[in-house]
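Architecture and fold: a report
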Amino acid sequence: MTQPGYDALADQYAAMFPEPYQTPFERHAVEAFTEVIRMPGSVVDVGCGPGHVTHDLASRGLDAIGCDPSAAMLALARNAYPQLRFIDDDATLTHVDDPIAAILARFSLIHLPPDRVDAVLRSWASRLRPDTPVLIAVQSSDTPGPATPFDHAVAPAWRWPADELSRVLSSAGFDEDWRLINRPDGVHRFPGVHILAHRRS
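Residues numbered from 1 in each chain as written. Predicted model: local features only at pLDDT ≥ 70, side-chain atom pairs only at ≥ 80, totals over all residues. Heavy atoms only, no water.

Under an unreviewed UniProt entry, the name given to the protein is Type 11 methyltransferase, and the source organism is Mycolicibacterium cosmeticum.

Pasting the structure below:
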């Protein structure tokens, strides 16, 4: 999978989002995620973009790997953080050979057609040890039901009602631990949800 939209707009995207998190809410959600990582291995940042969050994970003492299918985004990340590992890969994590201690997917699975998300999550579950945590963040919706498309500026994207994302996680072999929901504000057009789950034993 490639991301031609992100390739074309990588510099503009990086200029618009110079920090790893847009709000303290997002930062605290990731911080809470890092506190439950117990296993040895790498923490994979799926859809790492310009690498800011990967760097934040590494600054917390984690062995962080950034993955992205956009060559332009990877070039920005490698230039900004040459000491870190960045891999040309998509959500399938086909090129990640390390034992995985945790997976973070912030606003990256939104770009997968909903009927592909279940297969991706099942592929994660097949290689993760029991209790391995995953944190997924998506644009959400208050309307129950399936994921629905929205007008993302860069690439096709879908909003996920929190219960629907939790259902798909459960079907793939994960149990939800908690969810954090933010309301639309001056930064976010839509509700957002962060769901922490772990690989079922």
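Resuming the write-up.
Within the UniProt annotation, "domain: Methyltransferase" (unreviewed entry) is assigned to residues 43–131. For the annotated span residues 43–131, helix accounts for 36% and strand for 22% of the residues, and the straight-line distance between the end C-alpha atoms is 14 Å. (UniProt positions renumbered as here; feature names shortened; annotations may be inferred. Helix = DSSP H or I, 4+ residues; strand = E, 2+ residues; numbered from the N terminus.)

Axis separation between helix 5 (residues 114–127) and helix 6 (residues 162–172) bottoms out at 8 Å; the angle between their running directions is 45 degrees. In this view, helix 5 runs oblique relative to helix 6, as classed from their interaxial angle. You can see that helix 5 and helix 6 cross each other, and the crossing is right-handed. Judged by residue contacts, Val 117, Asp 118, Leu 121, Arg 122 and Ala 125 of helix 5 engage Val 168, Leu 169, Ser 171 and Ala 172 from helix 6. For the contact of helix 5 with helix 6, a count of residues per class yields 6 nonpolar, 1 polar and 2 charged. (Axes fitted to C-alpha atoms, helices over the stretch in contact; angles between N-to-C directions. Parallel < 35°, antiparallel > 145°, perpendicular 65-115°, else oblique. Left-handed = near helix turned anticlockwise from the far one by under 90°. Contact = heavy atoms within 4.5 Å. Nonpolar A, V, L, I, M, F, W, Y, C, P; charged D, E, K, R; others polar.)

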